[in-house]
Amino acid sequence: FALMLALLSAVSPTQIISATHLTSHNNTNIFAVLAIWIFLRLVIKNLSYWWGFILGLIIGIGINLHFQMAGLLILLIILLIYKRKKYLYFLTGACGVFASFIPLLFFEQIHQCPFFPFFSKILCLSFSRWTRWPQGRQYFCCQFFFMMEA
């Protein structure tokens, strides 16, 4: 079955057209297939909870590439419904999705992007000795990553 699927994917006009353009959302095909494959493995077999984290991480990276991948979050909900006694798969998957967004949150904060104002206030209150307050805007200075306090 896998070889037939690979053959159909290799000669599919949609796959060929999307492979010829150099855009970042072309990788979502790979992440979608990986997410569905890991989901099916989790449903069929009793695997480690790390597989749930990896599923969430792959879905989160796919969402960071293109927001159309947000539809695959339904896989985590189906996993929660299908395996009620193993709800830790859902929790570890949610942690994986959150972990994939941590670099984006720090990037947005460092570059003063206004998309996460609540996150900005939390970081400024948490790390008040590393913050600067120019022109009434709060933003997080990343010096604490590189300099240690003596």
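A quick note: this is a predicted structure, and the numbers were derived from the prediction, not measured.

(A) Examining the layout of surface pockets more closely. Put simply, the largest pocket is a space of about 410 Å³. Considering the residues around the largest pocket, the lining is formed by 14 residues, among which Leu5, Ser9, Asn29, Ile30 and Val33 are closest to the centre. For the lining of the largest pocket, the secondary structure elements donating two or more residues are helix H1 (2-11), helix H2 (13-20) and helix H3 (28-44). It is H3 that contributes the most residues to the lining of the largest pocket, 6 residues altogether. When grouped by side-chain class, the residues that make up the lining of the largest pocket number 8 nonpolar, 6 polar and no charged.

(B) Inspection of the nonpolar core at higher detail. Ala35, Leu42, Leu55, Ile59, Leu72 and Leu79 are the most contacted members of the largest nonpolar core, which has 20 residues in total. Mapped onto this core, the elements with two or more residues apiece are H3, helix H4 (50-65), helix H5 (74-82) and helix H6 (88-110). Top element by residues in this core is H3. It accounts for 7 residues. Apart from the residues within four sequence positions on either side, Leu42 is in contact with Leu47, Ser48, Trp51, Gly52, Leu55, Leu79, Lys83 and Tyr89.

The rules behind these values
- Residues numbered from 1 in each chain as written.
- Predicted model: local features only at pLDDT ≥ 70, side-chain atom pairs only at ≥ 80, totals over all residues.
- Heavy atoms only, no water.
- 1 Å grid on protein atoms, 1.4 Å probe; cavity = no way out; pocket = protein on both sides within 12 Å on 5 of 7 lines; lining within 4 Å.
- Points joined across faces, edges and corners; volume = space filled by probe spheres on them.
- Helix = DSSP H or I, 4+ residues; strand = E, 2+ residues; numbered from the N terminus.
- Nonpolar A, V, L, I, M, F, W, Y, C, P; charged D, E, K, R; others polar.
- Core = buried A, V, L, I, M, F, W, Y, C linked by side-chain atoms within 4.5 Å.
- Buried < 20%, exposed > 50% of the residue type's maximum accessible area, 1.4 Å probe, protein only.
- Contact = heavy atoms within 4.5 Å.

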